[in-house]
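Structural features, examined
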Amino acid sequence: LSIDKYPPAIIEALEPRMAGQDLESLDEFKKMNPPVDLVQGAEMEMTIRGDTLLYKNAVGGLGQIKSIVFTRALCDVYYGEDAVSPSHLEDVIKGVKSL
C-alpha cells in the first residue's frame, strides 16, 4: 500500500469529526508517517490516553499528539456509531467483556 493513501484516509475520516478545531494535529499525524510504502504485514500502533495519542509507525518511529479533539475524533472513527471497522469494534467489545 502506498504511504500516500494511508495518512490521507485517516485524515479524511478524522477531519469532519473535528468540527474545524485543532486541525494542525492532522498535519502532525501526517508527519509521523515516513515516506516509505507499507509492505504486507506492516503494523502501526496507536495508544490513546485521554488527550494523548502515542503512535508507533510502520518502521518503528515513535510520536505523540496531545489533543483531546484529535483523540476523541480517532475514538469515534473506530468506536463510534459509524465505526470504520465494525468487526474491530465487536472484537474489542468481546475482549473487554472477557477481562
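Worth saying up front: this structure is predicted, and the values here are computed from it rather than measured.

Evaluation of the coordinates by the stated rule reveals two salt bridges. Among the salt bridges present, the one from Arg-17 reaches Asp-76, with a minimum N-O distance of 2.7 Å. Taken as a pair, Arg-17 in the loop between helix H1 (6–14) and helix H2 (24–31) and Asp-76 in helix H3 (residues 68–79) lie far apart in primary sequence, 59 residues in all. A residue is classified by how much of its surface remains accessible, and Arg-17, at 29% relative accessible area, is partly exposed. For Asp-76, a relative accessible area of 32% gives the class partly exposed. Of the charged contacts in the structure, one is a salt bridge between Asp-51 and Lys-66, with a shortest N-O distance of 3.3 Å.

Another aspect to go through is the packing of aromatic side chains. Going through the model one piece at a time under the given rule, you end up with four aromatic pairs. With a centroid separation of 6.0 Å and an interplanar angle of 40 degrees, the aromatic rings of Phe-29 and Phe-70 are classed as tilted. In this pair, Phe-29 is assigned in helix H2 and Phe-70 in helix H3, connecting sequence segments 41 residues apart. Taking relative accessible area as the criterion, Phe-70 reaches 1% and is therefore assigned buried. Both rings, one in Tyr-78 and one in Tyr-79, keep their centres 6.4 Å apart while their planes meet at 50 degrees; by these two values the pair is tilted. The exposure class of Tyr-79 is partly exposed, given its relative accessible area of 39%.

Pairing analysis gives five bridges linking strand E1 (residues 45–49) to strand E2 (residues 52–56), with the strands arranged antiparallel. For Glu-45, the partnering residue across the bridge sits in E2 and is Lys-56. Here E1 hands over to E2 after two residues, with Gly-50 in that stretch at a positive phi of 65 degrees. Pairing of E2 with strand E3 (residues 62–66) involves five bridges; the strand directions are antiparallel. If you follow Lys-56 over to E3, its bridge partner there is Leu-62. In sequence, E2 turns back onto E3 through a hairpin of five residues, with Gly-60 there showing a positive phi of about 95 degrees.

Definitions and limits used
Residues numbered from 1 in each chain as written. Predicted model: local features only at pLDDT ≥ 70, side-chain atom pairs only at ≥ 80, totals over all residues. Heavy atoms only, no water. Salt bridge = Lys/Arg side-chain N within 4 Å of Asp/Glu carboxyl O. Helix = DSSP H or I, 4+ residues; strand = E, 2+ residues; numbered from the N terminus. Buried < 20%, exposed > 50% of the residue type's maximum accessible area, 1.4 Å probe, protein only. Phe/Tyr/Trp six-rings, centres within 6.5 Å; stacked < 30°, edge-to-face > 60°. Pairing = 2+ DSSP bridges.

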